[in-house]
Amino acid sequence: MNILKKVLFALFTFTILFSITACGYKPSTYYAKEEISGKVFVNVLINLEDPKNSVLIKDSINQLLIQKLDAELVNKESLADTVMNININSVSMQALQYDRSGYNKLYRAVVVINVSYFKKSDNKRKSFSVDGEYNFSIDNGTSINDTQRYNAIQKASDKAIEEVLSKIAVSSFKK
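Because the structure is a prediction, the values reported are computed rather than measured.

Enquirer: How should I be thinking about the side chain of N53 in this particular structure?
Expert: Mapped onto the elements of the fold, N53 is located in helix α3 (residues 51-69). Each residue touching N53, except ones within four places of it in the same chain, is listed here: I88, Y150, I153 and Q154.

Here is the structure:
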């Protein structure tokens, strides 16, 4: 009986070690780094309705590329191995809730961002869209001011940009 326990324990330990080391798990940043490699040029098309938010989105994308993918950003498209084009596709405000007097009380900001990139090494262009939303409330009987709108769009854009890394990783599997 003692030998059976030792054999079962050894088999159990071997199974656990084999499954942990042989599963081949790699985080999404691994695949995104392979997809966006070398020097990167980021081009953001300025949205005339929200020029401030376009600049914020470029800064957020640059920060993502540097911090998560260790990308080397360049100032000229001719120097880049990968060219990324970022465009705010749409910005909308939706009324979600009204108070007893019929005034809007709760809003949702929705931002849709188009991302496309071109890798010069394999001459392939890939694109996808990401979206983010942010719910916010305003005081009774008031309307949205520019500061509230700007902050809501900024927070919705940040949520959209959080998806960019995983979308790049997924697009690395597409041929």
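Enquirer: Got a minute to help me understand the packing of aromatic side chains in this structure?
Expert: Describing an aromatic ring pair means giving the distance of the ring centres and the angle of the ring planes. Within the structure shown, the criterion is met by four aromatic pairs. When the centroid spacing of 4.9 Å and the interplanar angle of 50 degrees are considered together, the rings of Y31 and F173 count as tilted. Note that Y31 is positioned in helix α2 (residues 28-35) and F173 in the segment after α5 (164-171), a separation of 142 residues in sequence. With a centroid separation of 6.2 Å and an interplanar angle of 10 degrees, the aromatic rings of Y134 and F136 are classed as stacked. Across the ring face of Y150, the terminal group of K52 is positioned such that the distance to the ring centre comes to 5.1 Å.

Enquirer: I would appreciate a short explanation of the packing of α3 against helix α4 (residues 146-161) in the present structure.
Expert: For any two helices packed against each other, the geometry is given by the interaxial angle and the distance between the axes. The contact between α3 and α4 brings their axes to 10 Å, and the two run at 30 degrees. In terms of their interaxial angle, α3 and α4 are classed as roughly parallel. As for how α3 packs across α4, the hand of that crossing is right-handed. Packed against α3, whose contacting residues are K52, N53, L56, I57, S60 and I61, the element α4 presents Y150, I153, Q154, S157, D158 and I161 at the interface. For the contact of α3 with α4, the residue count by class is six nonpolar, four polar and two charged.

Enquirer: I tried to follow the confidence of the model for the protein on my own but got confused; where do I start?
Expert: Where the model shows low pLDDT, its predicted coordinates should not be examined in detail. Mean pLDDT over the protein stands at 84; residues scoring 70 or higher make up 94%. Within the protein, helix α1 (residues 2-21) has the poorest average pLDDT of any element, 70, and strand β5 (residues 124-137) the best, 93.

Enquirer: Can you help me understand the side chain of S172 in this one?
Expert: Positionally, S172 belongs in the segment after α5. For S172, the side chain forms a polar contact with the main-chain oxygen of A169, separated by 2.5 Å. Apart from residues lying up to four places away in sequence, S172 is in contact with Y31, E35 and K126.

Enquirer: Teacher, can you tell me more about the sheet that holds β5 here?
Expert: One key point about sheets: their strands pair by backbone hydrogen bonds, in either a parallel or an antiparallel sense. Spatial ordering of the open sheet is given by β2-β1-β3-β4-β5, a layout of five strands whose pairing is mixed. Two strands lie at the open edges of the sheet, namely β2 (72-73) and β5, each paired on one side alone. Both strand β1 (residues 39-45) and strand β3 (residues 82-98) contribute to a ladder of six bridges, which runs parallel. Bridge assignment links V42 to a residue of β3, and that residue is M84. Each of β1, β2, β3 and β4 (104-119) is contacted by α3, which is oriented at about 160 degrees to β1, the strand it contacts most.

Enquirer: Looking at this model, I keep getting lost on the pairing of β4. Mind explaining?
Expert: Remark: a regular strand shows side chains that alternate across the two faces of the sheet. Note that β3 and β4 share 15 bridges and pair antiparallel. Paired with M93 across the two strands is A109, which belongs to β4. In this structure, the hairpin formed by β4 and β5 is closed by a connection of four residues, where N123 is found at a positive phi of approximately 55 degrees.

Conventions we followed
Residues numbered from 1 in each chain as written. Predicted model: local features only at pLDDT ≥ 70, side-chain atom pairs only at ≥ 80, totals over all residues. Heavy atoms only, no water. Helix = DSSP H or I, 4+ residues; strand = E, 2+ residues; numbered from the N terminus. Contact = heavy atoms within 4.5 Å. Phe/Tyr/Trp six-rings, centres within 6.5 Å; stacked < 30°, edge-to-face > 60°. Lys NZ or Arg CZ within 6 Å of the ring centre and 35° of its normal. Axes fitted to C-alpha atoms, helices over the stretch in contact; angles between N-to-C directions. Parallel < 35°, antiparallel > 145°, perpendicular 65-115°, else oblique. Left-handed = near helix turned anticlockwise from the far one by under 90°. Nonpolar A, V, L, I, M, F, W, Y, C, P; charged D, E, K, R; others polar. pLDDT = per-residue confidence, 0-100. Polar contact = N/O pair within 3.5 Å; in protein donor to acceptor, adjacent residues only side chain to side chain. Pairing = 2+ DSSP bridges.

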